Amino acid sequence: MKATTAAVFAMAIQQVILCARLSAQVGQPASATQIVNQMVQAESTAWRSRQHFLYRNEERSNRTNGRLWDELVIETSDGSMQRLISEDGKPLSDNQKNAEDQRITYLANHPGEFRRKTQRRKDDEARMPELLREIPNIFLFRAVGSEGDYTRIAFQPNPSFHEENYQDRVVHAMAGVLIIHTTDMRLCELDAHLDHKVKFGFGILGVLCDKTYLSIAREEVSNGQWTTTKIRVHLDGSILLLKTISRDVDSSRYGFKLVAHHLNVAEAAAIVRSNTF
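In short, a report on the structure. (Residues numbered from 1 in each chain as written. Predicted model: local features only at pLDDT ≥ 70, side-chain atom pairs only at ≥ 80, totals over all residues. Heavy atoms only, no water.)

What the protein chain contains, in helices and strands, is seven helices and 13 strands. Within the protein chain, counting contacts between residues at least 6 apart in sequence, those at least 24 apart form 54% of the total. Surface summary for the protein chain: the accessible area is close to 14,700 Å², and the carbon and sulfur share equals 48%. (Helix = DSSP H or I, 4+ residues; strand = E, 2+ residues; numbered from the N terminus. Contact = heavy atoms within 4.5 Å. Areas by Shrake-Rupley, 256 points an atom, 1.4 Å probe, with all protein chains shown as cover.)

Next up, the structure:
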């Protein structure tokens, strides 16, 4: 449950911030809620036409055991494949390089295993269209300022929203601010935190504390293609009685290059093995 809660929370938050082009309005400026509604409608289409990229990722997280990993990442329809380049600013030793090559070769020769490892993320992504449709119902939105091409929109839990599952409960407890580029109507930044503690099974199964937060930055990395370039996540609480969780992610992505959309696992493995970026 620990990993599932973290994955659902991170993926759900990330989809709150997804946005798309807003048609010009005649007459009164659109309200914050109208802007969000139109963003959600357009994003369902944009999500289906998203492209795949090769990029670098610098990350310190539970996944990296607290070390700073510099990775080469390639996206495929079956999931993302990573190749470790350096650790804590130091190049890999020969033994580490050999281990990475063997790991990637194994995945290339066993695509079913690669798909199994990435299936949870794909399952989360498959739920995104439904989640997007619910966003305008989950939150209340309010414009809080603008500067140049950027507009700040605050969001908070909608007290009229009826929660149906644990995912709803976590997402509905969030509050924060979106920063949107008003010319393209795309999201540039998101800062969100839990507005209050979230209990599971009346607190018996677990709780997420209000110290939990998420911060995301997004950029247009190719013509019309926006993606997340920075992620900071901290989940704090306890799940399943006294088992404490503290999931931390601090990730920066850069150097995006478009790749073919229908790469198979072996082709992706060949690219990350041979590409020096």
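That was the structure; now back to the text.
The full count for this structure, using the stated rule, is four aromatic pairs. For the pair F53 and F256, a centre-to-centre distance of 5.9 Å together with 85° between the ring planes defines the contact as edge-to-face. With F53 in strand β1 (residues 52-61) and F256 in strand β13 (residues 243-259), this residue pair connects regions lying 203 residues apart in the sequence. Judged by relative accessible area, F256 falls into the buried class, the value being 17%. Relative to F141, the ring of F139 has its centre 6.2 Å away and its plane inclined at 70°; by these criteria the two rings are edge-to-face. Judged by relative accessible area, F141 falls into the buried class, the value being 12%. (Phe/Tyr/Trp six-rings, centres within 6.5 Å; stacked < 30°, edge-to-face > 60°. Buried < 20%, exposed > 50% of the residue type's maximum accessible area, 1.4 Å probe, protein only.)

Below, the discussion takes up the packing of helix α3 (residues 94-109) against helix α7 (residues 265-274). Between two packed helices, what matters for the description is the angle formed by their axes and the separation of those axes. Between α3 and α7, whose axes approach to 8 Å, the crossing angle comes to 160°. Judged on the interaxial angle alone, α7 and α3 are roughly antiparallel. Pair α3 / α7 crosses with left-handed handedness. Taking contact as the criterion, the partners of D101, I104, T105, L107 and A108 in α3 are, on α7, V265, A266, A269, V272 and R273. Per-class residue counts for the contact of α3 with α7 are seven nonpolar, one polar and two charged. (Axes fitted to C-alpha atoms, helices over the stretch in contact; angles between N-to-C directions. Parallel < 35°, antiparallel > 145°, perpendicular 65-115°, else oblique. Left-handed = near helix turned anticlockwise from the far one by under 90°. Nonpolar A, V, L, I, M, F, W, Y, C, P; charged D, E, K, R; others polar.)

Here the structure, examined in full by the defined rule, presents nine salt bridges. Among the ionic pairs, E113 bridges to K117, the shortest N-O distance being 3.8 Å. Of the two residues, E113 and K117 are both situated in helix α4 (residues 111-126); the distance of four residues between them amounts to about one turn of the helix. Using a relative accessible area of 22% as the deciding quantity, one classes E113 as partly exposed. (Salt bridge = Lys/Arg side-chain N within 4 Å of Asp/Glu carboxyl O.)

Following the sequence through the fold, T118 ends up in helix α4. Residues T118 and D78, spaced 40 residues apart in sequence, show a C-alpha to C-alpha distance of 7.2 Å. A polar contact is formed between the side chain of T118 and the backbone oxygen of D78, at a distance of 2.6 Å. (Polar contact = N/O pair within 3.5 Å; in protein donor to acceptor, adjacent residues only side chain to side chain.)

Let's shift gears to α3. Helix length check: α3 (16 residues) gives 22 Å between terminal C-alpha atoms against 22 Å at 1.5 Å per residue, within 8%. Residues of α3 that are buried include every one of E100, I104, L107 and A108, and no others. With its buried residues spanning 105° around the axis, α3 presents them on a single face. Those residues of α3 that are exposed and aimed more than 90 degrees away from the buried face are D94, N95, Q102 and N109. Each element contacted by the buried residues of α3 is listed here: β3 (79-87), α4 and α7. (Expected span 1.5 Å × (residues − 1). Arc of directions from axis to C-beta.)

Further remarks concern the nonpolar core. Across soluble globular proteins, you tend to see nonpolar side chains buried next to one another. By size, the foremost hydrophobic cluster in this structure holds 33 residues, and its most contacted members are I135, I138, F139, F141, F155, I180 and L190. Setting aside residues up to four positions removed in sequence, F141 forms contacts with A32, T33, V36, I135, P136, I153, A154 and F155. (Core = buried A, V, L, I, M, F, W, Y, C linked by side-chain atoms within 4.5 Å.)

Strand direction decides the pairing type here: strand β7 (residues 174-181) and strand β8 (residues 186-194), joined by eight bridges, are antiparallel. Bridged to M174 within β8 is L194. The turn joining β7 and β8, which pair antiparallel and follow one another in sequence, is formed by four residues; a positive phi near 55° is taken by M185. (Pairing = 2+ DSSP bridges.)

Now for α4. Of all the bends in α4, the greatest, near 50°, is centred on Q119. Every buried residue of α4 is listed here: F114, T118 and D124. (Bend = angle between axes of the 7 residues up to and from the residue.)

Keep in mind these numbers describe shape, not what the thing actually does.
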